[in-house]
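If you want the building blocks of each chain, they are given just below.
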Amino acid sequence: MNIILLGPPGVGKGTQAVIISKEFNLYSISTGDILRESIKNNDELGKKVKNYVENGALVPDNLIIMLINQAMNANISFNGFLFDGFPRTVQQAKGLDVIFTERENQVDTVLAINADNEIIMERLLSRRICPGCGMVYNLITNPPRNGEKCDICGLELTIRKDDNRETILHRLEVYRKRTAPLLIYYKEKLIKVNGAESVSDVADNIIENLVRYSNARR
Ligand code: AMP
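Residues numbered from 1 in each chain as written. Predicted model: local features only at pLDDT ≥ 70, side-chain atom pairs only at ≥ 80, totals over all residues. Heavy atoms only, no water.

Student: Mind showing me how you'd approach the site of the ligand here?
Tutor: Looking at the ligand, there are 18 residues lining it, with Thr31, Arg36, Ala57, Gly85 and Gln92 nearest. Measuring from a nitrogen atom of the ligand, one finds a side-chain N or O atom of Gln92 at 2.9 Å. Here an oxygen atom of the ligand and a side-chain polar atom of Arg160 are 3.1 Å apart. Here the ligand has 480 Å² of accessible area as a free molecule, and 95% of this is covered by the chains. (Near = heavy atom within 4 Å. Polar contact = N/O pair within 3.5 Å; in protein donor to acceptor, adjacent residues only side chain to side chain. Areas by Shrake-Rupley, 256 points an atom, 1.4 Å probe, with all protein chains shown as cover.)

Student: Explanation requested: the nonpolar core in the structure shown.
Tutor: It is characteristic of soluble globular proteins that their nonpolar side chains tend to be buried jointly. With 27 residues, the main nonpolar core has Ile4, Leu35, Val49, Ile68, Met72, Phe83 and Leu96 as its most contacted residues. Elements with a minimum of two residues in this core: β1 (3–6), α2 (31–41), α3 (44–54), α4 (61–73), β3 (81–84) and α5 (90–102). Among the elements that take part in this core, α4 stands out by supplying seven residues, more than any other. Filtering out sequence-adjacent residues up to four positions away, Met72 remains in contact with Ile29, Phe81, Phe83, Leu96, Ile99, Phe100 and Arg103. (Core = buried A, V, L, I, M, F, W, Y, C linked by side-chain atoms within 4.5 Å. Buried < 20%, exposed > 50% of the residue type's maximum accessible area, 1.4 Å probe, protein only. Helix = DSSP H or I, 4+ residues; strand = E, 2+ residues; numbered from the N terminus. Contact = heavy atoms within 4.5 Å.)

Student: Teacher, can you tell me more about the packing of α2 against α4 here?
Tutor: For any two helices packed against each other, the geometry is given by the interaxial angle and the distance between the axes. Viewed as axis vectors pointing N to C, α2 and α4 meet at an angle of 100°, and their least axial separation amounts to 11 Å. Classified by the interaxial angle, the pair formed by α2 and α4 is roughly perpendicular. Contacts between α2 and α4 involve Thr31, Ile34 and Leu35 on the former and, on the latter, Ile64, Leu67 and Ile68. (Axes fitted to C-alpha atoms, helices over the stretch in contact; angles between N-to-C directions. Parallel < 35°, antiparallel > 145°, perpendicular 65-115°, else oblique.)

If you want it as C-alpha cells, here you go:
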C-alpha cells in the first residue's frame, strides 16, 4: 500500500507519518527531513537546498524526484511507502507516477489533512525540535517535562529556521498556489481528514479509513 500525506505545513503530517508507518509497516519518506539532514551535514545537496528550505521556498522538482527515487530503491522490503511532504507540485506527482509505472505499482490513497490557518500558525510557532534525536514537541499540546529540554536527551530544544511568522505565511501561500492543485490531481484517491482534532483522534480516523480501504481491495 502506497500512501501520500497531503496538507499544509504544520497540519500534523510528520506526527501522523510516524504512527501510520508503524501501524502498516510502511517506509516513511519525509523530503523535508532528508533535506534538513543534508543541510546539517553541509553536504553537496545541503549546500544546494539550504536557501530554499530556510526561506520556505520549494526545492526544484528534479532534485526532489532524484531523492525520492534513491529512498525508494533503498527500502523495497516494506509493505509500501508513506510520503510526507511529497509531492508538492503537479510536476512532482507526475514524476512519482512515472516511478510507480516503472515498478508496476501505484499510489493507492491520498490522505488530505486540513486545518485552519490560525491553528497552523499557532502550532508551528510552538513547535520545538531536539537537535540530538529529532524528537518533535509542541509547547502547548505536547510539552517536554522539563522546561524546554528534550525528555530523551536532555538537550535544549531548538526552533526550526522556517518556523517564524513571516516564513510560515510564505509557506502557506506556496502551499495554496503550488501544492493545493494536487487535491484535484488526486481527486479519485482522496480521503479527507480533519487535522484540527487531537493527534490520537486524527490517527484513529486515518487508521480506520486505511483498514476499510485495504479490506475493500481484497
Ligand atoms: P517540511 O519539513 O515538509 O515542512 O519541508 C520543509 C521545507 O523543505 C519546505 O518548505 C521546502 O523548502 C522543502 N521541501 C520539502 N519537501 C519538498 C518537496 N517535496 N518539494 C520541494 N521542496 C520541499
